[in-house]
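If you want the building blocks of each chain, they are given just below.
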Amino acid sequence: MESFILKESVLNDDILKLADKGKIFKGGYIAIVEYFTYANAWGNNKHTKRFRSQKSLFSFLEKNYIDFFELNFIDTYLP
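Residues numbered from 1 in each chain as written. Predicted model: local features only at pLDDT ≥ 70, side-chain atom pairs only at ≥ 80, totals over all residues. Heavy atoms only, no water.

Visitor: Outline the sheet that holds strand S2 (residues 13-18), supporting the account with residue identities and numerical values.
Guide: Sheet architecture is open: four strands sit in the order S1-S2-S3-S4, paired in antiparallel fashion. Every other strand in the sheet has two partners, leaving strand S1 (2-8) and strand S4 (43-51) as the edge strands with one partner each. For this sheet the average axis-to-axis angle between neighbouring strands, irrespective of direction, equals 20°. By the bridge criterion, six bridges tie S1 to S2 in an arrangement that is antiparallel. Paired with phenylalanine 4 across the two strands is leucine 16, which belongs to S2. (Pairing = 2+ DSSP bridges. Helix = DSSP H or I, 4+ residues; strand = E, 2+ residues; numbered from the N terminus. Axes fitted to C-alpha atoms, helices over the stretch in contact; angles between N-to-C directions.)

Visitor: A description of the nonpolar core should follow, citing residues and the corresponding values.
Guide: Generally speaking, soluble globular proteins have nonpolar side chains that are buried together. One finds Leu6, Leu16, Ala31, Val33, Leu57, Leu61 and Phe68 to be the most contacted residues of the largest nonpolar core, which totals 14 residues. Elements with a contribution of two residues or more to this core: S1, S2, strand S3 (31-40) and helix H1 (54-64). Of the residues forming this core, the biggest block, four residues, is contributed by H1. (Core = buried A, V, L, I, M, F, W, Y, C linked by side-chain atoms within 4.5 Å. Buried < 20%, exposed > 50% of the residue type's maximum accessible area, 1.4 Å probe, protein only.)

Visitor: Mind laying out the packing of aromatic side chains, listing which residues take part and the relevant values?
Guide: Enumeration according to the criterion identifies three aromatic pairs in this entry. Relative to phenylalanine 60, the ring of phenylalanine 51 lies with its centre 5.3 Å away and its plane at 50°, an arrangement referred to as tilted. For phenylalanine 60, a relative accessible area of 12% puts it in the buried group. A centroid spacing of 6.1 Å and a plane angle of 55° characterise the contact between phenylalanine 60 and tyrosine 65, whose relative ring orientation is tilted. In this structure, phenylalanine 60 and tyrosine 65 share a single accessibility class: buried. By way of ring pairs, the aromatic residues Tyr35, Phe51, Phe60 and Tyr65 are connected into one cluster. Stacked on the ring of tyrosine 29, the Lys or Arg arginine 50 has its end atom at 6.0 Å from the ring centre. (Phe/Tyr/Trp six-rings, centres within 6.5 Å; stacked < 30°, edge-to-face > 60°. Lys NZ or Arg CZ within 6 Å of the ring centre and 35° of its normal.)

Visitor: Give a description of H1 that names residues and reports values.
Guide: Among the residues of H1, those classed as buried are Leu57, Phe58, Phe60 and Leu61. The buried residues of H1 occupy an angular sector of 160° when projected down its axis, which confines them to one face. Residues of H1 that are exposed and point more than 90 degrees away from the buried face comprise Lys55 and Lys63. (Arc of directions from axis to C-beta.)

Visitor: Give me the pattern of salt bridges: which residues, what numbers.
Guide: Following the criterion strictly, the structure yields three salt bridges and no others. Salt-bridge contacts for aspartate 14 lead to lysine 7; the nearest nitrogen and oxygen are separated by 4.0 Å. For the salt bridge of lysine 17 with glutamate 34, the shortest nitrogen-to-oxygen distance reads 3.3 Å. One end of the pair, lysine 17, is in strand S2; the other, glutamate 34, is in strand S3, with 17 residues separating them in the sequence. Where salt bridges share partners, they join Lys17, Glu34 and Lys46 into one cluster. (Salt bridge = Lys/Arg side-chain N within 4 Å of Asp/Glu carboxyl O.)

As structure tokens, then:
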């Protein structure tokens, strides 16, 4: 599994987890994104989004993390 930081925050970091080439996560997922939304000054709400296809992953990254998506090296890690 490869992990990448999508966005750094004061309290938490948004993380992209990619399965190794030729493998998948339990449930048939190729990638998992853990991200946080603001709750209050002392904490954030954690959300987990799982992806089974590259198309849905790229769509999510392009919409929410355009700076990371433009790096374009993610293709080398996906099965």
